[in-house]
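Secondary and tertiary structure notes
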Amino acid sequence: MAILTVNIDNERDLPILKKILKRFGLKYKVEKQVGSAKDDDLLYNRFKETFEEINDWEAGRTNLQSAKEALAEIESELNHGV
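This one's a predicted model, so the numbers in the text were calculated from it and none came from an experiment.

**Notes on the overall build of the chain**
- When you go through the chain residue by residue, the secondary structure sums to 3 helices and 0 strands.
- Taking 12 Å as the expected radius of gyration for a compact globule of 82 residues, we find that the chain reaches 20 Å, considerably beyond that expectation.
- Scored against the burial criterion, the 82 residues of the chain give a buried share of 1%.
- A total of about 8,400 Å² of accessible surface is found on the chain, and carbon and sulfur atoms cover 55% of it.

**Topic: a negative patch on the surface**
- On the surface, Glu49, Glu52, Glu53, Glu69 and Glu73 cluster together into a negatively charged patch.
- Every element with two or more residues in the negative patch is listed here: helix H2 (37-58) and helix H3 (67-79).
- If one sorts the elements of the negative patch by residue count, H2 sits on top with 3 residues.
- Given a relative accessible area of 47%, Glu49 falls into the partly exposed group.

**Re the environment of Tyr28**
- Looking at the element boundaries, Tyr28 is found in the loop between helix H1 (14-23) and H2.
- In this structure the C-alpha to C-alpha distance between Tyr28 and Ile3, which are 25 residues apart in sequence, comes to 9.4 Å.
- The residues touching Tyr28, leaving out its near neighbours within four places in the chain, are Lys18 and Leu21.

**Topic: a nonpolar patch on the surface**
- A surface patch of nonpolar side chains, amounting to about 800 Å² of accessible area, comprises Leu4, Val6, Ile8, Ile16, Leu17, Ile20, Phe24 and Leu26.
- Mapping Leu17 onto the fold places it in helix H1.

Reading the values: rules and limits
Residues numbered from 1 in each chain as written. Predicted model: local features only at pLDDT ≥ 70, side-chain atom pairs only at ≥ 80, totals over all residues. Heavy atoms only, no water. Helix = DSSP H or I, 4+ residues; strand = E, 2+ residues; numbered from the N terminus. Rg over C-alpha atoms; globule rule 2.2 N^0.38 Å. Buried < 20%, exposed > 50% of the residue type's maximum accessible area, 1.4 Å probe, protein only. Areas by Shrake-Rupley, 256 points an atom, 1.4 Å probe, with all protein chains shown as cover. Patch = residues over 30% accessible without salt bridge, like charges linked within 9 Å, V, L, I, M, F, W, Y side chains within 5 Å. Salt bridge = Lys/Arg side-chain N within 4 Å of Asp/Glu carboxyl O. Lys, Arg positive; Asp, Glu negative; His and termini not counted. Charge placed at Lys NZ, Arg CZ, Asp CG, Glu CD. Contact = heavy atoms within 4.5 Å.

Written as structure tokens, this is what we have:
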């Protein structure tokens, strides 16, 4: 038996590769890498939006959601792997 490890940068290719492996009767396991560049960009953009919201709030241009709502949103995102 041999084990092949493949790093897939484009997740859109994953379904195709899964079909190929299944077609050949090969067993496989998919593991998501934590902290990919895409995730880093998403996190950066969210922080940027947050700081913009804080600046707008300090300038009186917007109202922020309550802490309870914010924590519920964060908890929901953490539970869904965002």
